[in-house]
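Observations on chain architecture
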Amino acid sequence: MSDDPPLRDPVAGPTVQLDLREPHRHLVRVTLHVTPRCLQPELRLPAWTPGSYLIRDYVRHLEALQVHQGGIPVASARAAEACWRLELTSLAPLVIRYRLQATELSVRTCHLSADHGFLALAGVVLQVSGERWHPHRLELALPEGWQAFVPLPNAADNAWIAADFDQLIDSPVEAGPHPCHRFNVAGVPHRWVTWGTDLPADDPLWLADVERVAVACCRLMGEPAPASDNYLFVLHLLAEAYGGLEHDHSCVLQFGRRALAAPAGRRKLLQLVAHEYLHQWNVRRLRPAELTPIDYDRVTIVPGLWFAEGVTSYLDLLLPLAAGIGTEAELLEDLGADLSRYLLTPGRRVQGLRQSAEEAWVKLYRQDASSADSQISYYLKGAVVALMLDLHLRRQGSCLAVVLRDLWRSHGAWGRGYRNDDLVKAFAEQAADLAELLPHWLESTDDPDLAGYLADVGLALVPKPASESFCGWLLEDAADRPMHLKRVHRDGPAERACLQSGDELLALDGVRLRRPDDLSLAIDHVKTPSERELLYCRDGLVRTTRLRPEPPAVASWQLVVDPLLANEHTDLNRRRWLSLQP
């Protein structure tokens, strides 16, 4: 007979038990109790997690799958790379056991170590045929002294209940001996948990500023309270990291301690908070139709990612300032840095914004040395187009926030998925010419009229030339090691010299190169660019080529208040724009 505990309520749905009590082994033990609803059920592990558009093949971390029914082993036949089919003779309860390796530290994977555990449940829990829309019960076994932080309702016996499979895997698990800080936003309970150091203890104003940003998000959406009724922030504060992943009732953030210590670090983290918090509306509930419902097994093309991520990336810059945190000068510095990155990305001439969204699965999350020459991030160009849309709408007495609220009321609040045509229609209702202009911005590789729109608010982009001649390459960040090319610009001097990423630079005009300063001095001591002899190594063979540097290119763009455009009208426009008001 089996010594497995009986299901508490076999009709309600599966019970998922996760054992984290061997963190030194980095293995999570999973036990799934379920009463099958058919004689040939399938067990499937999701291939990706919403918000991160890449097939991650979580099944590569799964091992030792075993299925028992009444204490007797049940054979499982592999039907696909992450799917097993069972042949049963009765509908008696099943016990499914397996282990997962948890060694990948990101906001979308699993990591278990001596002082914390983090589980992205899309990579942990098998979906059983017929159970997707039934409640799931989650139980955790933790090392002594640990506690779990889960954005799900608690059951009476220290378990958590998800309404269905989708809610379960949308609920990240953070566990460890972490302090938990509680605060309210418009009367709604919020928790903040940090792994790394206790940020709220180190920064007494932190939670107050997070609350102000959260209130600004509610105000932007025209709502009196957050969309979630109980929200959890999880921050992994690491040596170097940046990123986040949104969920209905939580977000997981990763940020670098060095970056946080920098002068602009705190506001960058607040912008990340604003981005993920705003996602509880835009993308989680105001969702593209292609993600309603979500297909966890395969790629789903989502043309509207430019809106879900680009609009959010634009607004996350303005939300802290709208909340009364920071200064106009800091906002212009950060927005200027984004506009500069956009203008210095040659791939914007190759890939349109809609195409960038549609190719997210095969390009954005698979960057290589030539990516900047052939693609543009829908986060980055989406934010630029969002800026253009906001300033264009303001010419008509409206603004981006009005469109966002209208879409929330017409689609998000009712769980209706939107399509690209719905977005165009919503913008065109506020400015009729956007019915033609917006599709052009989405399809074209032309730059929008940045200068014209920025002039409306008294701003201008000022180019800053580089101090060195342009060679068309980017060196790896390794001042104390041989100089290797990290990137070779398309159509630049290095490409014309037949160089490629990975090449090691050895000598210029017979002079040995040992560090980047040697190269800069050797190239720039000649004021007029001329052809130079370059010695380099590739695949263990020393080779020679001729390199002709070009005059210095634009190194960056700075967004400034233009005194020639300053007047009462542009100053008023800028104040309204920065406050996110029409």
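Model, not experiment: these values are computed from the prediction. Every residue gets a number counted from 1 within its own chain, in the order that chain's sequence is written. Totals for whole chains, interfaces and linings use every residue, but because this is a predicted model, local features are given only for residues with pLDDT of at least 70 and side-chain atom pairs only at 80 or more, for both listing and counting. Side-chain numbers here rest on the full set of heavy atoms in the structure, without hydrogens or water.

Strand pairing is assigned whenever DSSP detects at least two bridges linking the two strands. Each helix is a run of DSSP H or I of at least 4 residues and each strand a run of E of at least 2, with the numbering of both proceeding from the N terminus. Overall, antiparallel pairing links the four strands, which are arranged S6-S7-S3-S11 in an open sheet. Two strands lie at the open edges of the sheet, namely strand S6 (76–80) and strand S11 (127–128), each paired on one side alone. Here three bridges tie strand S3 (residues 42–44) to strand S7 (residues 83–86), and the two strands are oriented antiparallel to one another. Within the sheet, the bridge partner assigned to arginine 44 lies in S7 and is cysteine 83.

In this structure, histidine 61 sits in the loop between S3 and strand S4 (62–69). For histidine 61, a relative accessible area of 14% corresponds to the buried category. The criterion used for residue contact is that any of the two residues' heavy atoms lie within 4.5 Å. If near-sequence neighbours (up to four positions away) are discounted, histidine 61 is found in contact with Arg99, Leu100, Gln101 and Glu104. Categorising residues by exposure relies on relative accessible area from a 1.4 Å probe, with only protein chains included: less than 20% of the type maximum marks a residue as buried, more than 50% marks it as exposed, and the intermediate range marks it as partly exposed.

Take the side chain of glutamate 139 next. By the element assignment, glutamate 139 lies in strand S12 (residues 136–141). Classification of glutamate 139 as buried rests on a relative accessible area of 13%. A polar atom in the side chain of glutamate 139 sits 2.7 Å from the side chain of arginine 137. We define a polar contact as two N or O atoms separated by no more than 3.5 Å, with the added condition that, inside protein, one atom must be a possible hydrogen donor and the other a possible acceptor, whereas residues neighbouring each other in sequence contribute only through side-chain atom pairs.

What follows deals with the pairing of strand S23 (residues 483–488). Pairing between strand S22 (residues 473–475) and S23: three bridges, direction antiparallel. The residue bridging tryptophan 473 from the neighbouring strand is valine 488, located in S23. Two strands pair when backbone bridges link them, and S23 and strand S24 (residues 504–508) are joined in this way by two bridges, in the antiparallel orientation. In the sheet register, methionine 483 faces S24, and the bridge partner there is leucine 505.

Next up on the list: the layout of surface pockets. Definitions used for this entry: grid spacing 1 Å over protein atoms alone; cavity, a set of points where a 1.4 Å probe fits but cannot get out; pocket, an open set with protein on both sides within 12 Å along at least 5 of 7 lines; lining residue, one with an atom within 4 Å of a point. Grid points are joined across faces, edges and corners, and a volume is the space filled by probe spheres set on the points. The volume enclosed by the largest pocket comes to roughly 980 Å³. Surrounding the largest pocket, 33 residues form its lining, Tyr242, Arg341, Ser377, Tyr379 and Leu380 being those nearest its centre. Among the elements of the structure, strand S19 (242–246), helix H5 (265–278), helix H6 (305–322), helix H7 (328–343), helix H9 (371–374) and helix H10 (378–394) are those that each provide at least two residues to the lining of the largest pocket. Class assignment of the residues belonging to the lining of the largest pocket gives a composition of 11 nonpolar, 13 polar and nine charged. The calculated volume of the second largest pocket comes to roughly 840 Å³. Going through the elements one at a time, S22, helix H15 (493–496), helix H16 (516–524) and strand S28 (554–561) are the ones with two or more residues in the lining of the second largest pocket. It is H16 that provides the largest number of residues to the lining of the second largest pocket, a total of five residues. Each residue is assigned to one class: nonpolar for Ala, Val, Leu, Ile, Met, Phe, Trp, Tyr, Cys and Pro, charged for Asp, Glu, Lys and Arg, and polar for all the others, Gly among them.

Known as pLDDT, the predictor's confidence for each residue is given on a scale from 0 to 100. Per-residue confidence for the chain gives a mean pLDDT of 94; residues scoring 70 or more make up 97%. Note on residues 1–11: pLDDT is under 50 here. Beyond four places in sequence and across chains, it has 16 contacts.

For proline 303, the position within the fold is in the loop between H5 and H6. Judged by relative accessible area, proline 303 falls into the buried class, the value being 10%.

With that settled, consider empty space enclosed by the protein. Summed over the entire model, instances satisfying the criterion amount to seven cavities of 30 Å³ or more. In this structure, the largest cavity spans a volume of roughly 90 Å³. Taken together, Arg267, Leu270, Gln271, Leu317, Pro320, Leu321, Ile325, Gly326, Thr327, Glu330, Leu331 and Asp334 make up the full set of residues lining the largest cavity. Within the residue set of the lining of the largest cavity, elements represented by two or more residues are H5, H6 and H7. Considering only residue class, the lining of the largest cavity consists of six nonpolar, three polar and three charged.

A turn of α-helix holds 3.6 residues, and therefore any two residues three or four places apart point the same way. Every buried residue of helix H13 (residues 434–443) is accounted for by Leu434, Leu438, Trp441 and Leu442. Seen along its axis, H13 keeps its buried residues to an arc of 100 degrees; they face one direction. Exposed and oriented more than 90 degrees from the buried face of H13 are Glu436 and Glu443. As for H13, its buried residues are in contact with H6, helix H8 (353–358), H10, helix H12 (420–428) and helix H14 (450–455). For this quantity, the arc is that covered by the directions from the helix axis to the C-beta atoms.

This next bit is on the sheet that holds strand S13 (residues 147–149). What the four strands build is an open sheet, ordered S9-S10-S15-S13; its pairing is antiparallel. Strand pairing shows two members of the sheet lacking a second neighbour, strand S9 (111–113) and S13, which therefore form its edges. The sheet shows a mean angle of 15 degrees between the axes of neighbouring strands, direction not considered. Across three bridges, strand S10 (residues 116–119) lies against strand S15 (residues 173–176) in antiparallel orientation. The partner of glycine 117 across the bridge, within S15, is alanine 175. Note on geometry: axes are lines fitted to C-alpha atoms, helical ones only across the stretch in contact, with angles between N-to-C directions running from 0 to 180 degrees.

What follows covers the pattern of salt bridges. For this analysis, a salt bridge means a side-chain nitrogen from Lys or Arg found within 4 Å of a carboxyl oxygen belonging to Asp or Glu. Under the definition given, this model contains 40 salt bridges. With a closest N to O distance of 3.1 Å, aspartate 373 and arginine 487 form a salt bridge. Here the residue aspartate 373 occupies a position in helix H9, and arginine 487 occupies one in strand S23, the gap between them amounting to 114 residues. The same class applies to aspartate 373 as to arginine 487, namely buried.

Between 30 and 60 degrees the pair is tilted, below 30 it is stacked and above 60 it is edge-to-face, where a pair is any two Phe, Tyr or Trp rings, Trp via its six-membered ring, whose centres lie within 6.5 Å. The tally for this structure, following the rule as stated, stands at 17 aromatic pairs. Between the aromatic rings of tyrosine 53 and tryptophan 361, the centroid separation amounts to 5.7 Å while the plane-to-plane angle is 75 degrees, which identifies the pairing as edge-to-face. Within this pair, whereas tyrosine 53 is found in the loop between S3 and S4, its partner tryptophan 361 is found in the loop between H8 and H9, the two being separated by 308 residues in sequence. Across this residue pair, the class does not change: tyrosine 53 and tryptophan 361 are buried. When the ring of tyrosine 231 is compared with that of phenylalanine 233, the centres are 5.0 Å apart and the planes differ by 65 degrees; the resulting orientation is edge-to-face. Tyrosine 231 gets classed as buried once you look at its relative accessible area, which sits at 1%.

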